[in-house]
Amino acid sequence: MAAIATRQDSTIYSGPPAGAPISPEPAPQEDLPINPFESSKPQDPDMIVEIPLKDTDQVIELNLQDPLPSEEVVNILKAEQVTLNIWIKIAEAYYVLGKSEDFMRVLETARSEANLMYSNHEKDQVICLDKLAAYYVTQTTRVDKEAKARKEEYKQKATQYYTMADKIDMYDTNHLLGRACFCLHDKTKLEQAQQQFKYVLQQENNKADETIKALLGQAAIYFEKGDYYNALGWYRKALRSNPSCQDASIRLGIGICAYKLKKFEKAKQAFLRALDLNPKCTGALIGLAVLQLNCKFSDPENAGSHIKQGTQMLSKAYHTENENPIVLILLADHFFYKKEYQKTRQLAMGAIRNTDMDEVRAEAYYHLARCSHVNQKYDEAFQYYYKSTQL
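Here the structure is a predicted model, which is why all the values come from computation and not from measurement. (Residues numbered from 1 in each chain as written. Predicted model: local features only at pLDDT ≥ 70, side-chain atom pairs only at ≥ 80, totals over all residues. Heavy atoms only, no water.)

Re the overall build of the protein chain
Okay, step 1: Assigned secondary structure in the protein chain consists of 18 helices and 4 strands.
Okay, step 2: Expressed as a percentage of the 391 residues in the protein chain, the buried residues total 43%.
Okay, step 3: Nonlocal contacts in the protein chain, meaning residues at least 24 apart in sequence, comprise 52% of its contacts between residues at least 6 apart.
Okay, step 4: Total accessible area on the protein chain stands at roughly 21800 Å², and carbon and sulfur atoms take up 51% of it. (Helix = DSSP H or I, 4+ residues; strand = E, 2+ residues; numbered from the N terminus. Buried < 20%, exposed > 50% of the residue type's maximum accessible area, 1.4 Å probe, protein only. Contact = heavy atoms within 4.5 Å. Areas by Shrake-Rupley, 256 points an atom, 1.4 Å probe, with all protein chains shown as cover.)

Below you can see the structure in the form of structure tokens.
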């Protein structure tokens with residue numbers, strides 16, 4: 001919510017000066033410490049942003065935990081000629097609250113309306129453009145019907161914003177990292193991404209998080225190339241650069257690489273550590289489930305126990321993330337062998353809806369084909385088998 005305060009004593013009162021773009025509520029007596037805009041929840045001082053009122057010594061205090069509708073906020077920011085850095089902070093708050101349309105409205109308007117009359121505003125211009133680009137990159141990873149249809153449009157918009165930021169400061173570290181991650185989504189641009197990550201790592205004044213991002217970027221490139229040995233090396237470098245890092249994704253990456261290299265015990269330890277850091281790490285639950293299920297081959301005498309433990313891990317993963325396509329595929333396989341073909345079909349169809357990865361979709365169609373086959377629906381089975389081979 002919003003309120004107005006003087007800079008000198010920060011006394012909060014409700015009534016704005018005539019013409020100020022604040023919702024028209026009656027003002028209480030000036031001597032009462034009442035703020036009708038204030039939430040009943042305790043306010044975090046770090047979540048209060050001051051918007052200076054033009055030509056006065058007063059400010060509007062906006063609570064970023066419960067902000068006004070973005071249309072009102074944009075009108076205030078425009079009227080008071082507020083600097084770009086404040087526009088960006090407000091946009092970030094909308095994004096954290098899951099209000100993507102408000103986030104976009106604020107940043108899009110900021111490009112033409114924000115006040116740039118302050119030092120180092122070029123850096124904030126790059127930040128604004130990069131955030132817009134990153135938003136469209138995230139949209140390309142969605143798998144709903146609308147997003148699939150507009151995927152190329154989202155890519156073009158991301159490219160447009162990154163290119164505009166290039167013209168302001170091509171060598172800004174965070175800009176390079178964002179652009180490199182965008183390139184990772186296109187297998188034809190892996191070399192370009194690698195060069196950008198390499199450039200960041202060559203700089204001497206990087207912040208710790210910038211270095212880790214570049215190291216993880218290099219790991220992702222080698223993983224995408226199928227070079228799991230070098231990918232594992234880069235993940236380890238990232239961990240060594242910050243041993244106290246609490247991000248489970250590094251351990252998850254190490255675990256997957258170790259699994260691919262058939263170092264199963266190391267993979268297990270990495271997955272367990274990832275779960276220590278994040279008990280809801282779906283990838284680690286999947287990894288441990290696969291390791292357990294595969295033990296039925298190396299330890300056939302205890303196959304039943306391994307299958308039970310692996311299935312329990314998959315169940316936890318499903319309850320954590322019930323639309324994860326890998327979880328759905330593994331459960332589909334499990335229920336096929338239990339001869340619960342309807343559940344297999346439902347899970348396989350769910351996997352198809354929730355992924356655009358050809359490998360996963362191919363396996364899902366294979367499970368559908370097996371269900372049709374066992375039910376003697378041979379024409380339908382043939383169609384699914386054929387789709388599986390075409391991906």
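Points about the nonpolar core
Buried together is how nonpolar side chains tend to be arranged in soluble globular proteins.
Okay, step 1: With 41 residues, the main nonpolar core has Ile-51, Leu-62, Leu-77, Trp-87 and Ile-90 as its most contacted residues.
Okay, step 2: The next biggest cluster of nonpolar side chains, apart from the first, holds 34 residues, and it includes Leu-277, Cys-281, Leu-291 and Leu-328. (Core = buried A, V, L, I, M, F, W, Y, C linked by side-chain atoms within 4.5 Å.)

With respect to helix H14 (residues 303-320)
Okay, step 1: An ideal rise of 1.5 Å per residue puts 26 Å on 18 residues; H14 measures up with 26 Å between its terminal C-alpha atoms.
Okay, step 2: Three or more residues of H14 are buried, namely Ala-303, His-306, Gly-310, Thr-311, Leu-314 and Ala-317. The buried side chains of H14 occupy one side of the element, clustering within an arc of 125° when seen end-on. Every exposed residue of H14 that faces more than 90 degrees away from the buried side is listed here: Gly-304, Lys-308, Lys-316 and His-319.
Okay, step 3: As for H14, its buried residues are in contact with helix H13 (282-298) and helix H15 (325-337). (Expected span 1.5 Å × (residues − 1). Arc of directions from axis to C-beta.)

A look at the pairing of strand S3 (residues 48-52)
Okay, step 1: Two strands pair when backbone bridges link them, and S3 and strand S4 (residues 58-63) are joined in this way by 5 bridges, in the antiparallel orientation. Bridge pairing in S4 places Glu-50 opposite Glu-61.
Okay, step 2: Here S3 folds back onto S4, and the loop between the two strands holds 5 residues, one of which, Asp-55, carries a positive phi near 65°. (Pairing = 2+ DSSP bridges.)

Topic: the pattern of salt bridges
Okay, step 1: Applying the stated criterion across every chain yields a total of 16 salt bridges.
Okay, step 2: Lys-151 is the partner of Asp-356 in a salt bridge, and the nearest nitrogen-oxygen pair spans 2.9 Å. Taken together, the residues span a long stretch of sequence, with Asp-356 in the loop between helix H16 (341-353) and helix H17 (358-374) and Lys-151 in helix H6 (residues 151-169) at a distance of 205 residues.
Okay, step 3: Assessed through its relative accessible area of 36%, Asp-356 is described here as partly exposed.
Okay, step 4: With a closest N to O distance of 2.9 Å, Glu-191 and Lys-225 form a salt bridge. Remark: Lys-225 occurs in the loop between helix H9 (208-224) and helix H10 (228-241) and Glu-191 occurs in helix H8 (residues 190-202); sequence separation between them is 34 residues.
Okay, step 5: Accessibility expressed as a relative area gives 40% for Lys-225, which makes it partly exposed.
Okay, step 6: Linked through salt bridges whose partners overlap, the residues forming this network are Glu-71, Asp-102 and Arg-105. (Salt bridge = Lys/Arg side-chain N within 4 Å of Asp/Glu carboxyl O.)

Points about a positive patch on the surface
Okay, step 1: On the surface, Arg-236, Lys-237, Arg-240, Lys-263 and Lys-266 cluster together into a positively charged patch.
Okay, step 2: For Arg-236, a relative accessible area of 34% corresponds to the partly exposed category. (Patch = residues over 30% accessible without salt bridge, like charges linked within 9 Å, V, L, I, M, F, W, Y side chains within 5 Å. Lys, Arg positive; Asp, Glu negative; His and termini not counted. Charge placed at Lys NZ, Arg CZ, Asp CG, Glu CD.)

Focus: the side chain of Gln-196
Okay, step 1: Among the secondary structure elements, Gln-196 is positioned in helix H8.
Okay, step 2: Separated by 3.1 Å, the side chain of Gln-196 and the backbone nitrogen of Ala-180 make a polar contact.
Okay, step 3: Once residues within four sequence positions are removed from consideration, Gln-196 is found in contact with Leu-176, Arg-179, Ala-180 and Cys-183. (Polar contact = N/O pair within 3.5 Å; in protein donor to acceptor, adjacent residues only side chain to side chain.)

Focus: H17
Okay, step 1: Helix length check: H17, at 17 residues, gives a terminal C-alpha distance of 24 Å against a target of 24 Å (1.5 Å per residue), a fit within 8%.
Okay, step 2: Among the residues of H17, those classed as buried are Val-360, Arg-361, Ala-362, Ala-364, Tyr-365, His-367, Leu-368, Ala-369, Arg-370, Cys-371 and Ser-372.
Okay, step 3: Immediately beyond the C-terminal end of H17, within one or two residues, lies Gln-376, with a positive phi of roughly 65°.

Topic: the environment of Ala-93
Okay, step 1: Examined against the element boundaries, Ala-93 turns out to sit in helix H2 (residues 84-96).
Okay, step 2: Owing to a relative accessible area of 7%, Ala-93 belongs among the buried residues under this scheme.

As for unusual backbone geometry
Okay, step 1: Residue Gln-81 is not a glycine yet carries a positive backbone phi of 50°.
Okay, step 2: Its location among the elements puts Gln-81 in the loop between helix H1 (70-79) and H2.
Okay, step 3: Although it is not a glycine, Gln-376 adopts a positive phi angle of roughly 65°.
Okay, step 4: Within the fold, Gln-376 resides in the loop between H17 and helix H18 (378-389).
Okay, step 5: Overall, the relative accessible area of 57% leaves Gln-376 in the exposed class.

Focus: the side chain of Asn-354
Okay, step 1: Among the structural elements, Asn-354 can be located in the loop between H16 and H17.
Okay, step 2: Judged by relative accessible area, which is 19%, Asn-354 ranks as buried.
Okay, step 3: Sequence-distant contacts of Asn-354, that is, excluding residues within four places in its chain, are made with Val-143, Glu-323, Pro-325 and Leu-328.

Here's the deal with the environment of Cys-245
Okay, step 1: Assignment of secondary structure puts Cys-245 in the loop between H10 and helix H11 (248-260).
Okay, step 2: Once the C-alpha coordinates of Cys-245 and Leu-277 are considered, the two residues, 32 residues apart in sequence, prove to be 9.5 Å apart.
Okay, step 3: Once you skip the residues sitting within four places of it in the chain, Cys-245 turns out to touch Ile-250, Arg-251 and Leu-277.

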